[in-house]
Amino acid sequence: MEALIQTKGLLSLPSNPKSKSLFNRPQQGLRQRFNLSNSIKPKSPNGFSLNLNTFTKFNALTITPQNSRTFHVCKASAAALPGGDDVESPKFMGVEVLTLKKIVPLGLMFFCILFNYTILRDTKDVLVVTAQGSSAEIIPFLKTWVNLPMAIGFMLLYTKLSNVLSKKALFYTVILPFIAFFGAFGFVFYPLSGYFHPTALADRLLEFLGPRFLGPLAILRIWSFCLFYVMAELWGSVVVSVLFWGFANQITTVEEAKKFYPLFGLGANVALIFSGRTVKYFSNMRKHLGPGVDGWAISLKYMMSIVVLMGFAICGLYWWVNTYVPLPTRSKKKKEKPNMTTMESLKFLASSPYIRDLATLVVAYGISINLVEVTWKSKLKAQFPSPNEYSSFMGDFSTATGITTFTMMLLSQWIFNKYGWGVAAKITPTVLLLTGIGFFSLILFGDPLGPGLMKFGITPLLAAVYVGAMQNIFSKSAKYSLFDPCKEMAYIPLDEDTKVKGKAAIDVVCNPLGKSGGALIQQFMILTFGSLANSTPYLGGILLLIVLAWLGAAKSLDTQFTALRREEEIEKEMERSAVKIPVVSSNEDENKSLESSPETSFPRES
């Protein structure tokens, strides 16, 4: 007799199979006789074994008699050679070469992207906070009234482009304008800023409206610096979250993501260390320049040149991966969704609890970190009023963030393996809450601690700067090592349409929405209580509520993510469960239970 299990070509048999007796006990029934767990247990490429010992996974079992008497089954092996030897994918240091061809370029891309982001993030703060006629109070107004509208506009444009451009064309169309702008800013916009900044108009408006409007008027006064600030923010939202993570999710499987996302993140945080040193080096160039030379302008030219070179390196790596690395096959059972208009896309995303929970995570992080960060930066400007001094401190800050994140990255894979996605997703809000409480407590009770701090040569202002820096370092480290990998893993089981438009809506809109939400809260507090310092107790209470909502969304998303992963694994297992098995009969007495069927067929799931 011959039993056939239909296959897709993943499994094949040797041309001259060796026979094995299938039945050891005549008394056993069909379920016990077909114990194929030892003889037939193919492995799928993602590491899941195909459990052929459970017949309930198949829709039907049809058996037909034949004149043979004894049954023998040959051993099925994956991708067997004609001679019967198994073919395994080539490996290097225990890792498949195909996987390395994905992970190594992705790690280098992430390195370059975060190297640029660190330089841009440190530079944008220096430009808008230390500029003449501006202060840290510009940040809440800038994030609300400039950054958020531009982010929404980009999301609408990106959604339209995603419907008409290929993925490759979309990547280049988005990233090249960033590279061009940052190069032009260092060599054109900043050197000529004195000619097109309306300083006199801003001064007259400030005299008329009063100092309460210093923040919004500063946006008009230094509009080109504010444009740089917004483009640097969008680099983090667009290039890091949408372009890079979208590409990574496209070419990796969930199992590869669990294993390698935290690992190539290590290389990215080496970028924080090196870029921090780069910022500090160029910020200290002023010490070696003659009098009357604008040291900050020279530093900007060097740093923006590096940003442009790294940008072209990112494009080159993207081209290489698309040219030489085959994309993994996704489950064909997922329905392809038609192209939708912008409003249809937003309605579709709003109707998904999964996407709403993801959006809650992103918005909650933005609000939480912003509630603490702006207050810290106001203390930072008071301690370091010079642009070069401010930038030099931010270089040290980025280096410390990179070292801390590198250490947490080493622990992240152990956390994922031992405790799973749910626990890893809850660590970041917990860390942010605890460190935020410490920072706000120092702001509230810093004056009574002043005499004790002076014994160590530290003023209360400098202590607030250091504690705020530690709060930001630990919070950002937890975000990079755990929050970001968790968020990106959650996209992988989704269909392509939800993945593309969901990432655009969440990462481009929800990320600045969270930050501008925190800014709106701060603006309300400033107008109500007079200053951020007077608002500190209330900001702490709001932080507690936001983090509790964050933890609730993480718990809900954990349940949905686990269910989607289980469904995807079952679908892939069923698609690969087609194994052709020649069966030769030898003993009629042993196989009376098969007398009514000539063929055993395990049909594929419909």
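Being a predicted model, the structure only gives us computed values, none of them experimental.

What counts as what
- Residues numbered from 1 in each chain as written.
- Predicted model: local features only at pLDDT ≥ 70, side-chain atom pairs only at ≥ 80, totals over all residues.
- Heavy atoms only, no water.
- Patch = residues over 30% accessible without salt bridge, like charges linked within 9 Å, V, L, I, M, F, W, Y side chains within 5 Å.
- Areas by Shrake-Rupley, 256 points an atom, 1.4 Å probe, with all protein chains shown as cover.
- Salt bridge = Lys/Arg side-chain N within 4 Å of Asp/Glu carboxyl O.
- Helix = DSSP H or I, 4+ residues; strand = E, 2+ residues; numbered from the N terminus.
- Buried < 20%, exposed > 50% of the residue type's maximum accessible area, 1.4 Å probe, protein only.
- Core = buried A, V, L, I, M, F, W, Y, C linked by side-chain atoms within 4.5 Å.
- Contact = heavy atoms within 4.5 Å.
- pLDDT = per-residue confidence, 0-100.
- Polar contact = N/O pair within 3.5 Å; in protein donor to acceptor, adjacent residues only side chain to side chain.

**Section: a nonpolar patch on the surface**
Move 1: On the surface, a nonpolar cluster with roughly 450 Å² of combined accessible area is contributed by F187, V188, L192 and Y195.
Move 2: Among the structural elements, L192 can be located in the loop between α4 (167–189) and α5 (193–196).
Move 3: Exposure remark for L192: the relative accessible area of 40% places this residue in the partly exposed category.

**Focus on the nonpolar core**
Move 1: Counting residues in each nonpolar core, the largest one holds 138 residues, and the members touching the most others are I175, F178, F182, F228, W235, M304 and W376.
Move 2: For this core, the element with the highest residue contribution is helix α8 (residues 223–251), accounting for 19 residues.
Move 3: W235 has contacts with I113, N116, Y117, L120, I175, F178, F182, V240 and I314, leaving out every residue within four places of it along the chain.

**A short note on the pattern of salt bridges**
Move 1: Throughout the structure, instances matching the rule amount to 11 salt bridges.
Move 2: Linking E233 and K124 is a salt bridge whose minimum nitrogen-to-oxygen distance equals 3.0 Å. With a gap of 109 residues between them, E233 in helix α8 and K124 in helix α2 (residues 97–130) connect regions that are remote in the sequence.
Move 3: We classify E233 as buried; its relative accessible area is 5%.
Move 4: Among the residues examined, K124 registers a relative accessible area of 3% and is labelled buried.
Move 5: Residue E373 is joined to K377 by a salt bridge in which the shortest nitrogen-to-oxygen separation is 3.9 Å.

**Quick look at the confidence of the model for the chain**
Move 1: Mean pLDDT over the chain: 74, with 71% of residues reaching 70 or higher.
Move 2: Of all secondary-structure elements in the chain, the lowest mean pLDDT belongs to helix α1 (residues 30–33), at 38, while α4 reaches the highest, 93.
Move 3: Throughout residues 1–86 the model reports pLDDT below 50, and contacts reaching past four residues in sequence, or to other chains, amount to 215 contacts.
Move 4: The low-confidence segment residues 588–606, where pLDDT is below 50, has 67 contacts with residues more than four positions distant or belonging to other chains.

**Quick look at the side chain of S481**
Move 1: Tracing the sequence through the fold places S481 in helix α14 (residues 460–491).
Move 2: When its relative accessible area of 0% is taken as the criterion, S481 is described as buried.
Move 3: Here S477 takes part through its backbone oxygen, which lies 2.7 Å from a polar atom of the side chain of S481.

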